[in-house]
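Inside the fold
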Amino acid sequence: MSEVYWGIVVGLVSLVAVFFVCMDLVYSNPKGSLRQSGRSGEGPGEPTRETSTRDRYAA
């Protein structure tokens, strides 16, 4: 097959790979996995703590 065909195939495979890497980064849990924290993902979520206005501003 021609080089153009293989270029298209390699380009599409690389796009799919980049897509999965990006989805992994977007949906990764920065505080560790749910298994490490001992919580299941199916239970009701904990309410989020509201930060005070002072904590939101940069130093």
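The structure displayed is predicted, hence computed values, not measured ones.

1. With respect to the overall build of the protein
Each helix and strand counted, the protein has three helices and zero strands in total. Secondary structure of the protein in N-to-C order comes out as α-α-α. Among the 59 residues that make up the protein, the fraction classed as buried is 2%.

2. With respect to the packing of aromatic side chains
Applying the stated criterion to the full structure yields two aromatic pairs. Taken together, a centroid distance of 5.3 Å and an interplanar angle of 75 degrees make the contact between Tyr-5 and Trp-6 edge-to-face. Overall, the relative accessible area of 47% leaves Trp-6 in the partly exposed class. Measuring from centroid to centroid gives 5.5 Å for Phe-19 and Phe-20, while their planes differ by 70 degrees, and the two rings are edge-to-face. A residue is classified by how much of its surface remains accessible, and Phe-19, at 46% relative accessible area, is partly exposed.

3. Quick notes on a nonpolar patch on the surface
On the surface, a nonpolar cluster with roughly 660 Å² of combined accessible area is contributed by Val-16, Phe-19, Phe-20, Met-23, Val-26 and Tyr-27. When you line up the elements, Met-23 lands in helix α1 (residues 3-26). Met-23 sits in the partly exposed class, given a relative accessible area of 32%.

4. Topic: the confidence of the model for the protein
Caution is warranted with low-pLDDT regions, since their predicted coordinates should not be read in detail. The predicted model of the protein averages 76 in pLDDT, with 51% of residues at 70 or higher. Mean pLDDT per element in the protein: helix α2 (residues 34-37) is the minimum at 50, and α1 is the maximum at 95.

Conventions and cut-offs
Residues numbered from 1 in each chain as written. Predicted model: local features only at pLDDT ≥ 70, side-chain atom pairs only at ≥ 80, totals over all residues. Heavy atoms only, no water. Helix = DSSP H or I, 4+ residues; strand = E, 2+ residues; numbered from the N terminus. Buried < 20%, exposed > 50% of the residue type's maximum accessible area, 1.4 Å probe, protein only. Phe/Tyr/Trp six-rings, centres within 6.5 Å; stacked < 30°, edge-to-face > 60°. Patch = residues over 30% accessible without salt bridge, like charges linked within 9 Å, V, L, I, M, F, W, Y side chains within 5 Å. Areas by Shrake-Rupley, 256 points an atom, 1.4 Å probe, with all protein chains shown as cover. Salt bridge = Lys/Arg side-chain N within 4 Å of Asp/Glu carboxyl O. pLDDT = per-residue confidence, 0-100.

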